[in-house]
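Coordinate analysis (summary)
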Amino acid sequence: MRASLRSWCEANHIDYLDMWEPLRGNGGLLVDGLHPTPEGHRELYRHLRAVSC
């Protein structure tokens, strides 16, 4: 799914931001396997700050 979305964005000249990377491999950052915990949200924020600089 991620590769498909990345390809579609590239073909349509839309920026793609992979928000899975900061959560990958750390199930403790997800409440139910999909929605981030408060710490998961902090990791996502850190990731956004890092890639926006």
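The notes below deal with the structure included here. These numbers come from a predicted model, not from an experiment. (Residues numbered from 1 in each chain as written. Predicted model: local features only at pLDDT ≥ 70, side-chain atom pairs only at ≥ 80, totals over all residues. Heavy atoms only, no water.)

With respect to the overall build of the protein
The number of helices and strands found in the protein is 2 helices and 0 strands. Over its C-alpha atoms the protein spans a radius of gyration of 13 Å, topping by over 25% the 10 Å that the globule rule assigns to 53 residues. Here the C-alpha coordinates of the protein stretch approximately 35 × 25 × 15 Å along the principal axes. Buried residues in the protein amount to 19% of all 53 residues. Considering only residue pairs separated by 6 or more positions, the protein has 21% of its internal contacts joining residues 24 or more positions apart. With the model as given, the accessible surface of the protein reaches about 4300 Å², and the carbon-plus-sulfur share is 58%. (Helix = DSSP H or I, 4+ residues; strand = E, 2+ residues; numbered from the N terminus. Rg over C-alpha atoms; globule rule 2.2 N^0.38 Å. Buried < 20%, exposed > 50% of the residue type's maximum accessible area, 1.4 Å probe, protein only. Contact = heavy atoms within 4.5 Å. Areas by Shrake-Rupley, 256 points an atom, 1.4 Å probe, with all protein chains shown as cover.)

So, unusual backbone geometry
Positive phi outside glycine occurs at His-13, with the angle close to 55 degrees. One can find His-13 in the loop between α1 (2-11) and α2 (38-52). Here His-13 falls in the exposed class, since its relative accessible area comes to 76%.

Quick notes on a nonpolar patch on the surface
Nonpolar side chains collect at one region of the surface, where Leu-5, Trp-8 and Ile-14 lie side by side and expose about 300 Å² of accessible area between them. Its place among the elements puts Leu-5 in helix α1. (Patch = residues over 30% accessible without salt bridge, like charges linked within 9 Å, V, L, I, M, F, W, Y side chains within 5 Å. Salt bridge = Lys/Arg side-chain N within 4 Å of Asp/Glu carboxyl O.)

Considering the pattern of salt bridges
For the coordinates displayed, the defined rule picks out 7 salt bridges. The closest approach of N and O atoms between Arg-6 and Asp-18, which form a salt bridge, is 3.9 Å. Taken as a pair, Arg-6 in helix α1 and Asp-18 in the loop between α1 and α2 lie far apart in primary sequence, 12 residues in all. Given a relative accessible area of 38%, Arg-6 falls into the partly exposed group. Note that Glu-39 is salt-bridged to Arg-46, the shortest N-O span being 3.3 Å. Through salt bridges that share partners, Arg-2, Arg-6, Asp-18, Glu-21 and Arg-24 make up one connected network.

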